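What follows is the residue order along each chain.
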Amino acid sequence: MAEYSEKKAMASEGTAGAFEKAKLGIWAFLATELMLFGGLFTAYTVYRIRYQALFHEQHLHLNRTFGAVNTVILICSSLSVAIGIAAIKAGKLAVLKLCLAITLGLASSFLFIKYLEYSEHIGNGELPSSNLFFSLYYMMTGLHAIHVLAGMAALTTMLLLTNRGAFSKEYSTPVEITGIYWHFVDLVWIYLFPLLYLIG
Amino acid sequence: MTPDTYGPLGAASKIASEVDSVYLFITGIALFFFIVTQGALIYFAFRYRRKKGAEDVETPYITSNSVLEGVWVAIPTILVMSIFIYGYIVWEDMRTPLPGAEEIHVTARQWLFKFTYPDGRETVNELRIPAGQAVKLTMTSEDVIHAFFVPELREKMDILPGRYTYLWLKPERIGTYTIYCTQYCGVGHSQMQATLYVMEPHEYQEWAAKQVEEAEKSMPLAQRGKNLVEQSGCLACHSTDGTIKVGPSFKDLFGSSVKLSDGSTVTADADYIRESILDPGAKIVSGFKNLMPTFKGILKDDDITAIIAYMQTLSARVGVPPAAATAAGPAGQPTIEKGKAVFEGKGCIGCHSTDGTIKVGPTFKGLYGSTVTLSDGKTVKADDAYINESILEPNEQVVKGYSPVMPSYKGTVNEEELQSVILYIKSLK
Amino acid sequence: MSRQQPSIEKNYLNETHGFWSWAYTLDHKRIGVMYLLTILFFFLVGGVLGLLVRLELLEPTNWLVSNQTYNEMFTLHGVIMIFIFVIPVIPSALGNFVIPLLIGARDVAFPRLNIASYWIFVSGVIVLMVSMVHPIDTGWTFYTPYSAKTATSVTIVALGIFLVGMSSILTGLNFIVTIHKLRAPGMSWHRLPLFIWGIYATSIINVLATPVVGVTFLMLLSERLLGFGFFDPSKGGDPLLFQHFFWFYSHPVVYVMILPAMGIISEIIPVFTRKPIFGYKAIAYSSLAIAGAGFLVWGHHMFVAGMSSIATIIFSFLTFSVAIPTGVKVFNWIATMYRGSINLDSPMIYALTFIFLFIIGGLTGPFLGSLATDVHLHETYFLVAHFHYTIMGGTVMGLFAGLHYWFPKITGRMLDEKTAKRAWAFILVGFNVTFFNMFILGFRGMPRRYATYPEKFQSQHIISTVGSWILAAGILIMFYNFIRCIYKGEKAPANPWRGLTLEWTTPSPPPTENFKEIPVVTDWPYSYGKRKDADG
C-alpha cells in the first residue's frame, strides 16, 4: 500500500532521512547552546539592574569601533556561508569552496580583533577580576570566541571534505548543518554587541 | 508564668506550636493518601495474584476512565493547595517580627557564632533571651554561608556574607537549647553550635547586670575611662581636641602645668584630676568660671582611676607618670582575663575547646606543659615557645590527627594579647 | 514465540570479538552494555562510601575518621551517586539498549555521536577520579563562597561534571531525534511504549537544563582560577546567584532521574498484570507535565537561603503543582492492577516496591514544599530521608526492576528467581530500616553533613547504620545473581514475560541489526486481555 511504503520510508535507513535527522539534531543542539548563553545573559541582567552606575561607567571603556567592525565581519560571514550553501545545492562546488574560505577568513579576523581588544584591556589593567562588568564581558565574549573557534573547526572540516568531493547537489547535509550552527554563533554576537558595547 | 504546654512535639514557643499544627494537618492528608494508595497496592497484589502454575485468568480490557482521572486530579489539587495556604499563613507570621522586638546582631564565622546585644555586650556561642521576649536576629557572616537553627523553635535561616538576613524569635519555654549551623561551611561545620538560654525574666535581668559589671572590670582601663567620660556628660563642657568650651580641654592636660585663678600653678597629676572631679570648686583654672558640678556619689573611686588612665592617653607629654595599678591589671600588662577575651573575640573558641572536647583543633584543657605528638611522629613539649609558634606560624608543627587549617594570627594579635593568651592557656588545667 | 535459541546463533554479543570491536562499536546495544558496566561499578563505589559514612555515624564523636575525611566521604558519595550513577544509568545504559528495539529501529539517530558520548562520559569519570588525589569536601551542591575559596580540587571536579553533563546532553539530543524520526511504520505517538514517553520527556530536560549547570561550573571555575567576581560579595557578586543557577539545573535533574524509572514501571505493570495500562494518555502527558513543571520550582531548595518573600511564596505554590501529575501516574498504575492476573516475579516485585517506596518519598514532599514546615526540616535528616526514598526507593528500584525485566534480552539468560527474591527481601527491609527513622531524626533536629552529633541522636543513627548493612547485603546478593546467571543462567526465550512491545519479537540476545525486517506496527503495545472489539 502507498501508505505503507510512505511509512516505511520514515524508517530512514538511507540518506533520504539523514537530512531530517540532522536538522532536528542541530536545532536540538542549538537549544542547549541557547541555555548555555542564557545563563550568562541572566547573570548580566541581574547585575546590570543591581549596578547600573558601574555598568554604565565601565561599558564606555569598551572599544565600540572594534565591536562594530566585528559585528559587520560576522554578519558578512553568515552571508558567505549562506551563499556557499545555495551554491552547493545548485551543484557549484567551486563557489562553495570559495565561500567556506571567505567565511574562515572573516572568522579569523573576528578573533584577531578580539585579541587586539583583549590586549588593550589587559594593558589598561581592565581584568576579569577588576569588576563585575569586566567579569561578564570577558566571560561572555570569551565563551563566544570559543564557539567561533569550534565553528571554524567545523568549517575547516567542511572545506577539507569538499576538496575530497564529499558533497554534491544531492548531498550537502553536513554543510547545511554547519551553516545553521554558524548563524547561531553570529546571532549570539548580535545580542552581545549592543548589550555590552552600546547600551548606556 | 509562661505555659509549659506547647504540644507533645517539644515546641518551645507559640509559633513553633503553630508550625506543629501545620505538621499535623499535612500528616493527616499524607496518611489518607498513604492508606488509600498503599492499601490498594497491597490488596490488589494479593487479591489478584496468579496462583503458581495456574493459567492466566481472563482480564477485562479496561484502558481508562476520564471521571476517575478527573477525580484524582481535582481532589489532590484541592488538598495540596490547602497545604500550601496553611503553610504560607503560618510562615508569614514567622517572617513578621513583632513590634518592639529587641535587635540582636549575629555574626557567624568559621566556626562560631558571635552575638552582639543592643547595649554593646558581646557573647560568643551563647545567646540568652528572657522568656516571652521578642527578639529580632540580624545576621551576617564574615566568610562563607552558615545558618542558624533551633529545632525546638522551628526556626532556621541562612547567614550570608556581604548582606544581612533576619530571623525573629519569641521563645516561651524556659530551657537550654542548641543552636546548630545547618549550612555546610567547612571542616568545623559539625562542631559549630551555640547555646540558647531561655531564662526567667528576673534571672535574665540579674545576669545582664552582672555582665555589664564584668565587662567593665575586664575592659582596658583607659577604654573604660573613655566610656565614662562620654557617658557622664563631661564632654558637654570639656573637649578632647583642644577646643575651649565651658571648661578646659582634656587634650594634653594630664601632666601639664595649670595656672589657677588665684595666680598659683599646679601640675595636673592624678590627685589634681581626682580633686577636680570630686571637689571642683577647690581649684579653679584661670580664665574659667566656677560652674562645674561635683561627681561625688556619681563616679566611684575606680571610675576616677579609669578616667585618669584615659586622660593620660590624651596627653602627648613624654615622661607621663604610670597610671595606678588596679585589680584589672595595669594597662599594657598581659593577664589571664585579657587572654580569655582574646580567645573568644579573635575566634580561637571556634576550633578549640577549654573543656577537653575535640573540635577542629586540640583542646586547650591541660595543654600547657603536656607532651604533644606531631603529624611526623615527633614529640614536643607545649611550652611558651610552642604556643607562641602555634599562634603565629600554625602550620610549622601540626598536631597528629588534625588538619593544617589553622590560620596565622600574625598581625591580628599584638604582643600583649599573645602573652595574655599564653597565660590563659596555662590556667586551663 | 518461546522456542529455545541454539547457543551458537549470531547475536550482538558474539558477532565480533576483541577490545576494539567494543571500544569503537556503533551498536547501541553494546554501548548500552558498556555504560551499564561502568555505571554499576561506580554505584558500588558510591555505595561503599555511603556505608563508610554510616559507619562513622555509629558514634557521636570522630571515632573512625576525622571531620575532614568524613566531609570528603559524603561529598564524594553524593557526586558519584548523582552524576555518575543515578542521572545516566537508566537513559544511557538501559535506554541505549532498549530504545531502538522498542520503537522498531535498527539503531539510534546518530550512532557515532552515541559512542562519542560514551567516551566523553568515561573521560569525565576519569577526571572525577583524578580529583580524589585531593578530595573535595564542599558537598555535591558546591555552594559559594566556600567552593570558590576552598583549596581542594573543586576545579578538577567541576571539569569532570562538565564532561559527564556533556555526555548527558548529547545522549538526550540523540534520543529526541531518534524518537521523532526513527519510529517503525505505524508507530504513531499514541502507540509509543510509555518508557519512550518517559525518555522523551527526560531528554528534553537533559537538553535544556544541563547546559545551565555547565555554565554555572564555568563561572565557578573562572571565579577560582581567574578571580571573576560573580559570586563573591566583596566584588559585588552574589552567592545566592550560584544557588539559583545550580538549582535551576539540579531540580529538573531529579526528574531526569525519576521519569525513566517511571517509564520502566509503566512497561512492567501491564505485562505482569496481563491488563492494558490504565490511563495511557494520562501517563504519557503527565511525563511532559512533570518535565515542564520541574523547571519552575528550583527555588524550593532555597526557602531559607535569603530569597525575597515573594519569590519564596511563589516557589512554594508552584512546587505543589508537580505533585499532581506524579499522583496521576501512581493512581493509574494501581488501577491497572485492578482485576488483573498478577505475576509476582522479580521485575514485578521491584516495580511494586518502586511504587510503595516512591509513595512514601512523595508524601514527605509536601512537608518540604510547605513553607512553615520547611523552615524546620531544611538541611536536616528529614531531607536526606526524603531524597533517598524518592531517588533510591524510586529510581534505583526502577533500575533494579528494569534490570530484572530486560536481563533475559540483554544476556540471553534468565535470572534465578529465588535468589532474586531473597535479595529483594534484604533490600526492602534494609532500605526502610536505614531511611525511615531518618524522618524522625530530622524532625528532632539532627542536621545533615555532620560528622559528629549530640549524643541524644545516637540510638537512631545506630538503627540506620545497621539498616545500611542489611541493604548492602541485599545488593550484593542481587549482583551475585546477575553475575552468576550471565554464565550459568537458564537460556532465555525471545519473550519470557509474554510482553507485547517490540523488543520481545527479537531473539534473546538480539542480533546486531535488531530486526530482520523493520516491523510494521498496527496496534498499541498494551493489548492484553480480551478485547470487546478485535481490531486496532
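Here the residue numbering is sequential within each chain, running from 1 through the sequence in written order. A letter from A marks each chain and a number from 1 marks each ligand, given out in the order of writing. Local features in this predicted model are restricted to residues whose pLDDT is 70 or higher, and side-chain atom pairs enter the listing and the counts only when it is 80 or higher, whereas totals over whole chains, interfaces and linings include all residues. Side-chain figures throughout are based on the complete set of non-hydrogen atoms in the structure, without hydrogens or water.

**Let's talk about the overall build of chain B**
Test applied: Under the scheme used here, helices are H or I runs from DSSP no shorter than 4 residues and strands are E runs no shorter than 2 residues, and both carry numbers assigned from the N terminus. Only protein chains enter the accessibility calculation, which uses a 1.4 Å probe; a residue is then buried when its area is under 20% of its type maximum, exposed when over 50%, and partly exposed in between. Throughout, a residue-residue contact means that at least one pair of heavy atoms, one from each residue, lies within 4.5 Å. In these tables, accessible area is a Shrake-Rupley quantity obtained with a 1.4 Å probe, and a residue counts as shielded only by the protein chains included in the view. Under the convention used here, Asp and Glu are negative, Lys and Arg are positive, and both His and the chain ends fall outside the count. Taken as the charge location is NZ of Lys, CZ of Arg, CG of Asp or CD of Glu.
Across its full length, chain B carries nine helices and 14 strands. Sorting the 429 residues of chain B into buried and exposed places 45% on the buried side. In chain B, the share of contacts with a sequence separation of at least 24, taken over all contacts with a separation of at least 6, comes to 59%. Summed over all atoms, the accessible surface of chain B reaches about 20,900 Å², with 57% contributed by carbon and sulfur. On chain B, the mean spot of the 41 positive side-chain charges and the mean spot of the 49 negative ones are 2 Å from each other.

**Details of the domain arrangement of chain B**
We count it as follows: For every domain, the bounds stem from an assignment made automatically or drawn from a database.
Taken domain by domain, chain B consists of domain 1 (14-51 + 64-95), domain 2 (102-211), domain 3 (221-324) and domain 4 (336-427). Here domain 1 of chain B and domain 4 of chain B have C-alpha centroids that lie 55 Å from each other.

**Side note on the nonpolar core**
Across soluble globular proteins, you tend to see nonpolar side chains buried next to one another. To keep things clear, this is the line we draw: Among buried residues, the Ala, Val, Leu, Ile, Met, Phe, Trp, Tyr and Cys ones that are joined through side-chain atoms within 4.5 Å form a nonpolar core.
Ranked by size, the top nonpolar core spans 320 residues in total, and within it Phe113(B) and Phe148(B) carry the most contacts. Among the elements that make up this core, the one with the highest residue count is helix 3 (residues 67-103) of chain C (23 residues). Counting 26 residues, the second largest nonpolar core, distinct from the first, contains Leu228(B), Tyr272(B), Val285(B) and Ile308(B).

**Notes on the packing of helix 5 (residues 270-278) of chain B against helix 6 (residues 301-313) of chain B**
All names here are of chain B. Here is the rule: Lines fitted to C-alpha atoms define the axes, with helix axes restricted to the stretch in contact, and inter-axis angles between N-to-C directions lie between 0 and 180 degrees. An angle counts as roughly parallel when it lies under 35 degrees, as roughly antiparallel when it exceeds 145, as roughly perpendicular when it falls between 65 and 115, and as oblique in every other case. Handedness of a crossing follows from how the near helix is turned relative to the far one, being left-handed for an anticlockwise turn of less than a right angle and right-handed for a clockwise one. The residue classification treats Ala, Val, Leu, Ile, Met, Phe, Trp, Tyr, Cys and Pro as nonpolar and Asp, Glu, Lys and Arg as charged. All others, Gly included, are polar.
Two elements in contact, helix 5 and helix 6, have axes separated by 10 Å at closest approach and are oriented at 125 degrees. Classed by the angle they form, the pair helix 5 and helix 6 counts as oblique. Judged by the twist between their axes, the crossing of helix 5 over helix 6 is right-handed. Contact with helix 5, carried on its side by Ala270, Ile273, Arg274, Ile277 and Leu278, involves Asp301, Ile304, Ile307, Ile308 and Met311 of helix 6 and no other residues of that element. Class assignment of the residues belonging to the contact of helix 5 with helix 6 gives a composition of eight nonpolar, no polar and two charged.

**Side note on the pairing of strand 10 (residues 193-199) of chain B**
Looking along a regular strand, one sees side chains alternate from face to face of the sheet. In plain terms, the rule: The pairing criterion for strands is at least two bridges between them, as found by DSSP.
When strand 4 (residues 126-130) of chain B meets strand 10 of chain B, the two strands line up parallel, connected through five bridges. Its bridge partner being in strand 10 of chain B, Pro130(B) is matched across the sheet by Met199(B).

**Topic: the side chain of Thr380(C)**
Mapped onto the elements, Thr380(C) comes out in the loop between helix 15 (371-377) and helix 16 (381-411). Relative accessible area serves as the criterion here: at 0%, Thr380(C) is assigned to the buried category. When residues no more than four places from it in sequence are discounted, the contact partners of Thr380(C) are Phe149(B), Lys156(B), Gly442(C), Met446(C), Pro447(C) and Arg448(C).

**As for the pattern of salt bridges**
Definition in use: Salt bridge, as applied in this entry: a Lys or Arg side-chain nitrogen positioned within 4 Å of an Asp or Glu carboxyl oxygen.
Per the stated rule, a full pass over the model turns up 25 salt bridges over all chains. Between Lys89(A) and Glu176(A) there is a salt bridge, and its shortest N-O distance comes to 2.5 Å. With Lys89(A) in helix 4 (residues 64-89) and Glu176(A) in helix 7 (residues 173-198), the pair connects residues that are 87 residues apart, well separated along the chain. On the accessibility criterion, Lys89(A) (43% relative accessible area) is partly exposed. The network of salt bridges with common partners includes Arg109(B), Lys114(B) and Glu142(B).

**Topic: the pairing of strand 8 (residues 165-169) of chain B**
Residue and element names in this part refer to chain B. Of all five residues making up strand 8, four are buried, and the element is well covered by its neighbours. Where strand 5 (residues 135-141) lies against strand 8, five bridges are found, and the strand directions are antiparallel. Paired with Lys136 across the strands is Trp168, a residue of strand 8.

**Focus on the packing of aromatic side chains**
How two aromatic rings sit relative to each other is set out by the distance from centre to centre and by the angle between their planes. The cut-off we apply is this: Side-chain rings of Phe, Tyr and Trp, where Trp is taken by its six-membered ring, are said to pair if the distance between their centres is within 6.5 Å; with planes under 30 degrees apart they count as stacked, over 60 as edge-to-face, and otherwise as tilted. By the criterion adopted, a ring carries a charge over it if an Arg CZ or a Lys NZ lies within 6 Å of its centre and within 35 degrees of its normal.
Throughout the structure, instances matching the rule amount to 88 aromatic pairs over all chains. Here Phe113(B) and Phe148(B) contribute two aromatic rings whose centre-to-centre distance is 6.2 Å and whose plane-to-plane angle is 85 degrees, an arrangement assigned as edge-to-face. Pair noted here: Phe113(B) is in strand 2 (residues 112-116) and Phe148(B) is in strand 6 (residues 146-150), with a separation of 35 residues, a long-range link. Take Phe148(B): its relative accessible area is 0%, and that puts it in the buried class. Aromatic rings pair up to connect Tyr44(A), Phe55(A), Phe110(A), Tyr118(A), Phe133(A), Phe134(A), Tyr137(A), Tyr138(A), Trp189(A), Phe193(A) and Tyr197(A) into one cluster. The side chain of Arg95(B) reaches across the aromatic face of Tyr166(B), ending 4.2 Å from its centre. The residue whose ring lies beneath Arg128(B) is Tyr197(B), and the NZ or CZ to ring-centre distance is 4.1 Å.

**Notes on the interface of chain C and chain A**
Stated formally: Any N or O atom pair separated by 3.5 Å or less is treated as a polar contact, with the protein-specific requirement of one donor-capable and one acceptor-capable atom, and with residues adjacent in sequence counted only for side-chain atom pairs.
The partner chain A presents 34 residues to the 37 residues of chain C that form the contact. Applying the counting rule to chain C against chain A returns two salt bridges. Counting across the chain C and chain A interface gives seven residue pairs in polar contact (both at pLDDT 80 or more). For the side of chain C that touches chain A, the secondary structure elements donating two or more residues are helix 6 (154-181), helix 7 (194-226) and helix 8 (239-250) of chain C.

**What to know about helix 3 of chain C**
Side chains that are three or four residues apart share a direction in an α-helix, a result of its 3.6 residues per turn. Residue and element names in this part refer to chain C. Going by this rule: Take the number of residues in a helix, subtract one, and multiply by 1.5 Å to get its expected span. To get the bend at any residue, fit one axis to the seven residues that end at it and another to the seven that begin at it, then take the angle between the two axes.
With 37 residues, helix 3 extends 51 Å from end C-alpha to end C-alpha; this agrees with the ideal 54 Å at 1.5 Å per step. Of all bends in helix 3, the biggest is about 65 degrees, found at Val89, and the proline Pro91 comes one to four residues later. For helix 3, the tally of buried residues reaches 36 of 37 residues, placing the bulk of the element in the interior.

**Thoughts on the interface of chain B and chain C**
How we decide: Defined here as a combined quantity, buried area equals the accessible surface (1.4 Å probe) lost by two parts on assembly, summed across both.
Counting from both sides, the interface comprises 78 residues of chain B and, opposite them, 90 residues of chain C. Buried surface at the junction of chain B and chain C, both sides included, amounts to about 7,200 Å², of which 67% is carbon and sulfur. If you sort the residues of chain B by the area they bury against chain C, Tyr61(B), Trp91(B) and Tyr184(B) come out on top, with a joint share of 12%. Taken together, chain B and chain C are joined by zero salt bridges. Taken together, chain B and chain C are joined by 24 residue pairs in polar contact (both at pLDDT 80 or more). In terms of residue class, the side of chain B that touches chain C is built from 43 nonpolar, 21 polar and 14 charged.

**Digging into the arrangement of the chains**
Most contacts, when the two pairs of chains in contact are compared, are made between chains B and C. Separating chain A from chain B is a minimum C-alpha gap of 14 Å, and the two share no contact.

**Quick notes on the environment of Thr336(C)**
Residue and element names in this part refer to chain C. Among the structural elements, Thr336 can be located in helix 12 (residues 323-337). Linking Thr336 and Ser153, residues 183 residues apart in sequence, is a C-alpha distance of 50 Å. Dropping the residues within four chain positions of it, Thr336 is found in contact with Ile269, Thr273, Lys275, Pro276, Ile277 and Phe278. Within polar-contact distance, the side chain of Thr336 engages the backbone nitrogen of Phe278 at 3.0 Å.

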